Amino acid sequence: MNFRLKIWRQKDQRSKGRLVDYRARDISPETSFLEMLDIVNDELTEQGESPIAFDSDCREGICGTCSLTINGQAHGPQHPAAACQIYMRRFRDGETITIEPFRAKPFLLVRDLVVDRSPLDRIVQAGGFIAARAGSAPEANSIPVPKHNADIAMEAAACIGCGACAAACPNASAMLFTAAKVSHLAFLPQGGPERTLRVLKMVQQMDTEGFGNCTNTYECEAVCPAEISASFIAKLNREYAVANFRANAGE
């Protein structure tokens, strides 16, 4: 298969970026999208040109670092899937594919297709943890958790922190990401002691980072590789309302 690629090239945040045309020739349909970029980079290196910078790690849809926008969609046209899980058979032979970095104001561009997604890390650092005693893990059955709660907590914990929700949202909202991190612990007894401060701090940090608010376009849910439900945003709003009430009441 042969493809025409229009790839965003930008040396750094201060430089002016542009879409540059490349050719990907004799690509096997079984080649993954990132492997295709590797092939293009090998050719560029042989020609003495600078390779295209992009992030990747696990290439199994788990780590969330493959933050690419493919033909205007975060992670590409196949959902649910991360960019690393897409294979070239998903595209037509001879198709033009436009590849850009995630477009969200808090995600500052580093180079080419690489963006700084550390704002998401700082949201988690603000409260996405429990101050439990470090050491050996407690016996699994020592703290009873209703199965319904455990199942929902696991659904929220599936978030890989890729940032596609913010990149797809017209407001660059990180509400789905924050909601998943808050809900994960809100449904478990271990998250109870810091429940109020957690949601207040994480939402405050989200606003500080410059993410927008949710206006229910559901683009976040549509592109999420982990299929995180937008219903968790409603859970976040309830948690935040209760926490605000308790904080104002001096609790």
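Here we summarise the structure given alongside this text. Owing to the predicted nature of the structure, the values given are computational and were not obtained by experimental measurement.

Thresholds applied
Residues numbered from 1 in each chain as written. Predicted model: local features only at pLDDT ≥ 70, side-chain atom pairs only at ≥ 80, totals over all residues. Heavy atoms only, no water. Helix = DSSP H or I, 4+ residues; strand = E, 2+ residues; numbered from the N terminus. Buried < 20%, exposed > 50% of the residue type's maximum accessible area, 1.4 Å probe, protein only. Contact = heavy atoms within 4.5 Å. Areas by Shrake-Rupley, 256 points an atom, 1.4 Å probe, with all protein chains shown as cover. Lys, Arg positive; Asp, Glu negative; His and termini not counted. Charge placed at Lys NZ, Arg CZ, Asp CG, Glu CD. 1 Å grid on protein atoms, 1.4 Å probe; cavity = no way out; pocket = protein on both sides within 12 Å on 5 of 7 lines; lining within 4 Å. Points joined across faces, edges and corners; volume = space filled by probe spheres on them. Nonpolar A, V, L, I, M, F, W, Y, C, P; charged D, E, K, R; others polar. Pairing = 2+ DSSP bridges. Axes fitted to C-alpha atoms, helices over the stretch in contact; angles between N-to-C directions. Salt bridge = Lys/Arg side-chain N within 4 Å of Asp/Glu carboxyl O.

**Considering the overall build of the chain**
Working step 1: A count of helices and strands for the chain gives eight helices and seven strands.
Working step 2: Across the 251 residues of the chain, 45% fall into the buried class.
Working step 3: Taking the contacts inside the chain whose residues are at least 6 apart along the sequence as the reference set, 69% of them involve residues at least 24 apart.
Working step 4: Total accessible area on the chain is roughly 13000 Å²; 49% of this is exposed by carbon and sulfur atoms.
Working step 5: Here the chain contributes 27 positive and 30 negative side-chain charges, whose respective centroids are spaced 5 Å apart.

**Comments concerning empty space enclosed by the protein**
Working step 1: This model, assessed by the stated rule, comprises one cavity of 30 Å³ or more.
Working step 2: There is about 100 Å³ of room inside the largest cavity.
Working step 3: Lining the largest cavity are 13 residues; nearest its centre among them are Cys159, Cys162, Cys165, Leu176 and Cys224.
Working step 4: Going through the elements one at a time, α4 (164–168) and α5 (175–186) are the ones with two or more residues in the lining of the largest cavity.
Working step 5: The element that contributes the greatest number of residues to the lining of the largest cavity is α5, accounting for three residues.
Working step 6: Of the residues contributing to the lining of the largest cavity, the split by class is 11 nonpolar, two polar and no charged.

**Some points on the sheet that holds strand β5 (residues 96–101)**
Working step 1: The strand order β2-β1-β5-β3-β4 describes an open sheet built from five strands, whose pairing is mixed. Edge positions in the sheet fall to β2 (18–24) and β4 (73–74), since each has one partner strand and no second.
Working step 2: Alignment of strand β3 (residues 68–70) against β5, held across three bridges, turns out to be antiparallel. Counterpart to Leu68 in the pairing with β5 is Pro101.
Working step 3: Strand contacts of helix α1 (residues 33–46): β1 (3–9), β2, β3 and β5, with the helix running at about 90° to β2, the strand carrying the most contacts.

**Some words on the pattern of salt bridges**
Working step 1: Overall, the coordinates contain 11 salt bridges when judged by the stated rule.
Working step 2: Glu100 is paired through a salt bridge with Arg103; the nearest N and O atoms lie 3.1 Å apart.
Working step 3: The class for Arg103 is partly exposed, based on a relative accessible area of 39%.
Working step 4: The salt bridge partner of Glu239 is Lys235, with a shortest N-O separation of 3.0 Å. Of the two residues, Glu239 and Lys235 both sit in helix α8 (residues 231–248), four residues apart, roughly one turn of that helix. No difference in accessibility class separates Glu239 from Lys235, as the two residues are buried.
Working step 5: Overlapping salt bridges, with partners in common, bring together Arg4, Lys6 and Asp21 in one network.

**Quick word on unusual backbone geometry**
Working step 1: With omega at -5°, the peptide bond leading from His79 into Pro80 counts as cis.
Working step 2: Residue position: Pro80 is located in the loop between β4 and β5.
Working step 3: At Asp26, a position not held by glycine, the phi torsion is positive, near 55°.
Working step 4: Within the fold, Asp26 resides in the loop between β2 and α1.
Working step 5: Take Asp26: its relative accessible area is 70%, and that puts it in the exposed class.

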